[in-house]
Amino acid sequence: MTIDLSDFESGDKFDGKYNHELAKLQKRLSHIQTAHIVHKRRAIVLFEGWDAAGKGGIIKRLTAEWDPRYFEVWPISAPSTEELSHHFLWRFWQRLPAQHNIAVFDRSWYGRVLVERVEGYASETEWRRGYDEINAFEKQHVETGATLVKIFVHVTQKEQDKRLRDRLEHPWKRWKTGLDDYRNRAKRPEYLDAMHEMFERTSTKAAPWVVIDGNDKKAGRIAALTAIADALEACVPMDPPKLDPEVEKVARKALGKG
């Protein structure tokens with residue numbers, strides 16, 4: 001599938017009551033998580049995108065009303081020495097969700113065809129082979145019952161610079177920035193090439209990419225949460241769980257309503 005990131009740069013402000021719409025979405029997402037628990041479904045939501053694009057803010061709001069026993073957020077950074085001794089997908093197998101759980105990846109296996117490609121951590125043979133390996137990996141999980149949602153959050157260079165500058169100047173945001181942000185920024189054209197090839201090679205029928213215009217944070221959050229809710233809801237029965245008659249009988253008697 002052809003995706004051009006320049007099509008996602010309008011930065012339109014959110015047109016609506018943000019807090020009201022966010023609360024509605026979070027309630028909907030809470031019901032969706034309950035449906036996954038009750039019906040023993042598993043789901044994977046992964047995020048890729050530019051540094052300072054707003055992935056963390058989206059994840060924070062995505063999981064705000066979820067039961068922490070049934071989801072995990074995995075922040076993915078450089079592989080450890082042990083992980084480097086295995087196939088690049090090995091470390092992700094260790095983090096896949098159990099039945100009735102949802103796994104959220106803050107960056108993912110796409111590092112093989114993005115940062116590892118651009119920074120030279122993988123050879124050309126390795127990252128070119130990575131497309132087919134990733135497609136097979138994702139297809140396997142979808143065919144065995146997992147829902148896979150792939151979100152890419154895009155921002156322009158101008159907006160990214162504004163947010164990076166804010167991280168420098170705000171004392172409680174400085175921990176978010178480091179040398180990698182500026183190394184990656186300096187290679188934006190190379191990353192754009194890698195991203196566009198990634199979309200072309202890995203946006204499949206089984207696992208399509210969803211690109212979010214993150215230039216306005218509020219609009220981006222609502223768009224991302226809506227896309228995730230739509231995708232998850234489509235793959236799990238959304239009928240409320242039935243009350244066990246025996247539990248109801250005992251409960252009403254105990255509560256004085258028998």
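Shown above is the structure to which this text applies.
Residues numbered from 1 in each chain as written. Predicted model: local features only at pLDDT ≥ 70, side-chain atom pairs only at ≥ 80, totals over all residues. Heavy atoms only, no water.

Q: Help me understand unusual backbone geometry, please; the structure alone is not making it clear to me.
A: Negative phi characterises most residues that are not glycine, and trans characterises most peptide bonds. Here the phi dihedral of His100 falls at roughly 65 degrees; this positive angle occurs in a residue that is not glycine. Here His100 lies in the loop between helix H4 (90–93) and strand S3 (102–106). A residue is classified by how much of its surface remains accessible, and His100, at 25% relative accessible area, is partly exposed. Positive phi is not limited to glycine here, since Arg107 has a value of about 80 degrees. (Helix = DSSP H or I, 4+ residues; strand = E, 2+ residues; numbered from the N terminus. Buried < 20%, exposed > 50% of the residue type's maximum accessible area, 1.4 Å probe, protein only.)

Q: Which parts of the structure should I look at to understand the pairing of strand S1 (residues 42–49)?
A: Within a regular beta strand, the side chains point alternately toward one face of the sheet and then the other, so they alternate between its two faces. With eight of eight residues buried, S1 lies mostly within the body of the structure. Across the two faces of S1 the burial is the same, with Arg42, Ile44, Leu46 and Glu48 and Ala43, Val45, Phe47 and Gly49 all buried. As paired strands, S1 and strand S4 (residues 146–154) are joined by eight bridges and run parallel to one another. Counterpart to Leu46 in the pairing with S4 is Lys150. As paired elements, S1 and S3 share five bridges and run parallel to each other. Across the sheet, residue Ala43 finds its bridge partner in S3, namely Ile102. (Pairing = 2+ DSSP bridges.)

Q: Would you explain the packing of helix H6 (residues 124–143) against helix H9 (residues 188–202) in this entry?
A: Geometrically, a packed helix pair is captured by the angle between its two axes and the distance between the axes. As a packed pair, H6 and H9 sit with axes 10 Å apart at the nearest point and diverge in direction by 45 degrees. Relative to H9, the element H6 is oriented oblique. Between H6 and H9 the crossing geometry is right-handed. Within the contact between the two elements, H6 uses Trp127, Arg128, Tyr131, Asp132, Asn135 and Glu138 and H9 uses Glu197, Met198, Arg201 and Thr202. The residue makeup of the contact of H6 with H9, split by class, is three nonpolar, two polar and five charged. (Axes fitted to C-alpha atoms, helices over the stretch in contact; angles between N-to-C directions. Parallel < 35°, antiparallel > 145°, perpendicular 65-115°, else oblique. Left-handed = near helix turned anticlockwise from the far one by under 90°. Contact = heavy atoms within 4.5 Å. Nonpolar A, V, L, I, M, F, W, Y, C, P; charged D, E, K, R; others polar.)

Q: Sorry if this is basic, but what is going on with the packing of helix H7 (residues 157–169) against helix H8 (residues 179–186) here?
A: At their nearest, the axes of H7 and H8 sit 12 Å apart, and the two run at 160 degrees to each other. With respect to H8, the element H7 is oriented roughly antiparallel. The two elements H7 and H8 cross, and the hand of that crossing is left-handed. Between H7 and H8, the contacting residues are Gln157, Gln160, Asp161, Leu164, Arg167 and Leu168 on the first element and Asp181, Tyr182 and Arg185 on the second. Per-class residue counts for the contact of H7 with H8 are three nonpolar, two polar and four charged.

Q: Mind showing me how you'd approach the layout of surface pockets here?
A: In this structure, the second largest pocket encloses a volume near 190 Å³. Lining the second largest pocket we find Val142, Gly145, Ala146, Thr147, Leu148, Val149, Lys150, Ala206, Pro208, Val210, Ala231 and Cys235. If one sorts the elements of the lining of the second largest pocket by residue count, S4 sits on top with five residues. Partitioning the lining of the second largest pocket into residue classes produces nine nonpolar, two polar and one charged. (1 Å grid on protein atoms, 1.4 Å probe; cavity = no way out; pocket = protein on both sides within 12 Å on 5 of 7 lines; lining within 4 Å. Points joined across faces, edges and corners; volume = space filled by probe spheres on them.)

Q: Looking at this structure, I do not really get the nonpolar core. What am I missing?
A: One broad trend across soluble globular proteins is that nonpolar side chains are buried collectively. Core analysis: the largest hydrophobic core is formed by 60 residues, its most contacted members being Phe47, Trp109, Tyr110, Phe152 and Phe199. The element contributing the most residues to this core is helix H10 (residues 217–233), with seven residues. Discounting chain neighbours no more than four positions away, the residues touching Trp109 are Ile44, Leu46, Phe88, Leu89, Phe92, Ile134, Phe137, Glu138 and Leu148. (Core = buried A, V, L, I, M, F, W, Y, C linked by side-chain atoms within 4.5 Å.)

Q: Honestly, the pattern of salt bridges in this entry has me stumped. Any pointers?
A: Side chains that differ in charge, positive against negative, can pair when their charged atoms come close. Evaluation of the coordinates by the stated rule reveals 24 salt bridges. Between Glu133 and Arg129 there is a salt bridge, with its nearest N and O atoms 3.4 Å apart. Residue Glu133 and its partner Arg129 are both found in helix H6; the two are separated by four residues, about one turn of the helix. Residue class for Arg129 comes out partly exposed when judged on its relative accessible area of 43%. Via salt bridges that share partners, Arg117, Glu124, Arg128, Glu197 and Arg201 belong to a single interconnected network. (Salt bridge = Lys/Arg side-chain N within 4 Å of Asp/Glu carboxyl O.)

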